[in-house]
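# Results of the structural survey
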There are 2 protein chains.
Amino acid sequence: MDSAERLIASMQELLWERGYSGTSPRAVQKMADVGQGSMYHHFQGKADLAVAAEHLMGRELQTQINERLSSGATTVDKIAAFLTIDEHVLRGCRLGRLVQDTEVASNDELRAPIQTMFVWIQQNIASTLEDGRSNGEIRPDANIEALAATILAVRQGAYVLARAAQSEEPFRKAADGLIEMLTHGVCV
Amino acid sequence: MDSAERLIASMQELLWERGYSGTSPRAVQKMADVGQGSMYHHFQGKADLAVAAEHLMGRELQTQINERLSSGATTVDKIAAFLTIDEHVLRGCRLGRLVQDTEVASNDELRAPIQTMFVWIQQNIASTLEDGRSNGEIRPDANIEALAATILAVRQGAYVLARAAQSEEPFRKAADGLIEMLTHGVCV
DNA sequence: GTCTATATGATGATAGAC
DNA sequence: GTCTATCATCATATAGAC
């Protein structure tokens, strides 16, 4: 990896670990083993480098999500796979965590890659549900768009609950509850 | 309001607006119109003042949530009220946002009040669902605990989606999807 | 109980040599 | 393309006068 690549990889790591405001250019340079001048040669500044890191995150997440949403026999299995716990639950969602930072939310350049990814994920969940509807697994009158938003929200919210508890248990519970609702409904 | 109360109110406001790491004692003092020496007289430091602010937040949230979970005729109406949009959706959840901050998540004194509130909320949702089960509104075999976790996760996640989009729409959609799942289920 | 002065280190960024 | 030196500003906190 060259300097620029190492800078992006380090920024990505630190964004996940410490958030945007909590990540200093210094720390990125140190982790990447790259000098200050070098960083400001390759990137305009902290925000510019962070955007590059966000784009890399997005590409990695797309791969992961595609794998999960295409695993499993039934539609519910696919959604369950999407909600499967991974090794990083307590670190939070790489993208979702970032957008809680006011500096990120109020800067369109930093926010755009996150919003784009969320839209992409929702569309993929929606098309998984559509397939299920064609198969006859999903009710014909289901509001696919709303359901996709709910499913993504459960994952994002489950990360938050797990972080507050410093335990993976609330994540699992929230996922279980969603699967139950998808399969059985709740009302008599 | 005396100095200490103004400090707590200001810290609360700034925690919501800028998060913990993003809030400096300076800024709090300025908003509260209180000098530096005064702040360090009343509180041990930034974290100590933040904990006081978190406790105040918790008390306010309990009132709001009690109101919502007791409004509405049916159990689903009550859950829908819990998921009703409020005027502050784009600012995020006061508690959920905080715990995304690494400094908060890794400091037990700062994290505890948040976790306590989440547990309290889940218990209140659970007992609302229990009532519905007694009424015959909710399936007897429903996994109440998991459903409560899911419902709270939807609210938390919906905040995240709204912030990423800088729009209240995803929040509404996620809530709609949840209500649909509660009432009809999704699978044929 | 509140004030000002000060300490110590980090922040994000620039300047200019090599 | 990378380096070191430097900048102005902010962070959190303490010291000691009033």
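Cut-off values and rules
- Along each chain, residues carry numbers from 1 onward, in the same order as the chain's sequence is written.
- As they are written, the chains are lettered A onward and the ligands numbered 1 onward, keeping that order.
- Local features in this predicted model are restricted to residues of pLDDT 70 or higher, and side-chain atom pairs are both shown and tallied only at a pLDDT of 80 or more, whereas totals for entire chains, interfaces and linings draw on every residue.
- Hydrogen atoms and water are omitted, and side-chain values are computed over all heavy atoms in the structure.
- Distances are taken per atom, and a residue is near a molecule or strand as soon as one of its heavy atoms is within 4 Å of it.
- A 3.5 Å cut-off defines polar contacts: any pair of N or O atoms within that distance qualifies, except that in protein one atom must be a possible hydrogen donor and the other a possible acceptor, and neighbouring residues in sequence count only when both atoms are side-chain atoms.
- Helical segments are the DSSP runs of H or I of at least four residues, strand segments are the runs of E of at least two, and each set is numbered from the N terminus.
- As a rule, the C-alpha atoms of each element are fitted with a line to give its axis, helices using only the stretch in contact, and angles between N-to-C directions run from 0 to 180 degrees.
- For this classification, under 35 degrees means roughly parallel, over 145 means roughly antiparallel, 65 to 115 means roughly perpendicular, and everything else is oblique.
- In this scheme the handedness of a crossing depends on how the near helix is turned from the far one: anticlockwise by less than a right angle means left-handed, clockwise means right-handed.
- Pairs of residues are marked as contacts when any of their non-hydrogen atoms sit within 4.5 Å.
- Residue polarity follows a fixed list, in which Ala, Val, Leu, Ile, Met, Phe, Trp, Tyr, Cys and Pro are nonpolar, Asp, Glu, Lys and Arg are charged, and the others, Gly among them, are polar.
- Only protein chains enter the calculation, and the probe is 1.4 Å; a residue is then buried if its accessible area is under 20% of its type maximum, exposed if over 50%, and partly exposed in between.
- A carboxyl oxygen of Asp or Glu within 4 Å of a side-chain nitrogen of Lys or Arg is what we treat as a salt bridge.
- Buried area adds together the accessible area that both of two parts lose upon being put together, with accessible area traced by a 1.4 Å probe.
- Only rings of Phe, Tyr and Trp enter the pairing, Trp through its six-membered ring, and a pair is recorded when the two centres are within 6.5 Å. The plane angle decides the type: under 30 degrees is stacked, over 60 is edge-to-face, the rest tilted.
- Any Lys NZ or Arg CZ found within 6 Å of a ring centre and within 35 degrees of that ring's normal is scored as a charge over the ring.

The immediate surroundings of DNA strand C are formed by 14 residues, with S24, P25 and K46 of chain A together with G35 and S38 of chain B found nearest. Between DNA strand C and the protein, one listed contact pairs a phosphate oxygen with a side-chain N or O atom of S24 of chain A at 3.1 Å. Within the side chain of H41 of chain B, a nitrogen or oxygen atom sits 3.2 Å from a phosphate oxygen of DNA strand C. Those elements giving two or more residues to the surface near DNA strand C turn out to be helix 2 (25-32) and helix 3 (36-42) of chain A together with helix 3 (36-42) of chain B. At 5 residues, the largest contribution of residues to the surface near DNA strand C is made by helix 3 of chain B.

We now examine the packing of helix 9 (residues 144-165) of chain B against helix 10 (residues 169-184) of chain B. All names here are of chain B. Two elements in contact, helix 9 and helix 10, have axes whose closest approach is 7 Å; the angle formed by their N-to-C orientations is 155°. Comparing their axes, helix 10 and helix 9 come out roughly antiparallel. Considering how the two elements wind past one another, helix 9 and helix 10 form a crossing that is right-handed. Counted together, I151, V154, R155, A158, Y159, L161, A162 and A165 of helix 9 and P170, F171, A174 and L178 of helix 10 form the full contact between these two elements. Considering only residue class, the contact of helix 9 with helix 10 consists of 11 nonpolar, no polar and 1 charged.

What follows covers the protein's contact with DNA strand D. By nearness alone, 15 residues border DNA strand D, and G35 and H42 of chain A together with S24, P25 and K46 of chain B come closest of all. Among the atoms of DNA strand D lying within 4 Å of the protein, the sugar-phosphate backbone contributes 58%. Contacts to DNA strand D include S38 of chain A, whose side-chain N or O atom sits 2.8 Å from a phosphate oxygen. A distance of 2.6 Å separates a phosphate oxygen of DNA strand D from a polar side-chain atom of K46 of chain B. Among the elements that line the surface near DNA strand D, the one with the most residues is helix 3 of chain A, at 5 residues. Residue classes in the surface near DNA strand D are distributed as 2 nonpolar, 11 polar and 2 charged.

What follows deals with unusual backbone geometry. Residues and elements named next belong to chain A. Not every positive phi belongs to a glycine, and D33 is a case in point at roughly 55°. Structurally, D33 can be placed in the loop between helix 2 and helix 3. The class for D33 is exposed, based on a relative accessible area of 65%.

The subject of this paragraph is the side chain of T128 of chain B. Following the sequence through the fold, T128 of chain B ends up in helix 8 (residues 108-135). Exposure remark for T128 of chain B: the relative accessible area of 7% places this residue in the buried category.

Moving on to the pattern of salt bridges. Evaluation of the coordinates by the stated rule reveals 20 salt bridges over all chains. Ionic pairing is found between R91 of chain B and E13 of chain B, a salt bridge with its closest N-O pair at 3.0 Å. In this pair, R91 of chain B is assigned in the loop between helix 5 (75-82) and helix 6 (94-99) and E13 of chain B in helix 1 (residues 3-18), connecting sequence segments 78 residues apart. Salt bridges sharing partners connect three or more residues here, namely E13, E17 and R91 of chain A.

What follows covers the interface of chain B and chain A. In this assembly, 55 residues from chain B lie in contact with 54 residues from chain A. Each partner contributes to the roughly 4900 Å² buried at the junction of chain B and chain A, and carbon and sulfur atoms together form 63% of this total. Of all residues in chain B, the largest losses of buried area upon contact with chain A belong to Q100, M181 and V186 of chain B, amounting jointly to 14% of the total for that side. Put simply, chain B and chain A have 2 salt bridges between them. A salt bridge links K173 of chain B to E145 of chain A; the nearest nitrogen and oxygen atoms lie 2.3 Å apart. Mapped onto the side of chain B that touches chain A, the elements with two or more residues apiece are helix 1, helix 6, helix 7 (102-105), helix 8, helix 9 and helix 10 of chain B. Looking at the side of chain B that touches chain A, the element that brings in the most residues is helix 9 of chain B, giving 17 residues. Class assignment for the residues of the side of chain B that touches chain A results in 27 nonpolar, 15 polar and 13 charged.

On to the packing of aromatic side chains, then. Within the structure shown, the criterion is met by 2 aromatic pairs over all chains. Relative to F171 of chain A, the ring of Y159 of chain A lies with its centre 5.3 Å away and its plane at 70°, an arrangement referred to as edge-to-face. Taken as a pair, Y159 of chain A in helix 9 (residues 144-165) and F171 of chain A in helix 10 (residues 169-184) lie far apart in primary sequence, 12 residues in all. In this structure, R94 of chain A is placed above the aromatic ring of W16 of chain A, and the distance from its NZ or CZ to the ring centre is 4.8 Å. Note that K46 of chain B overlies the ring of Y20 of chain B, its terminal NZ or CZ placed 4.3 Å from the centroid.

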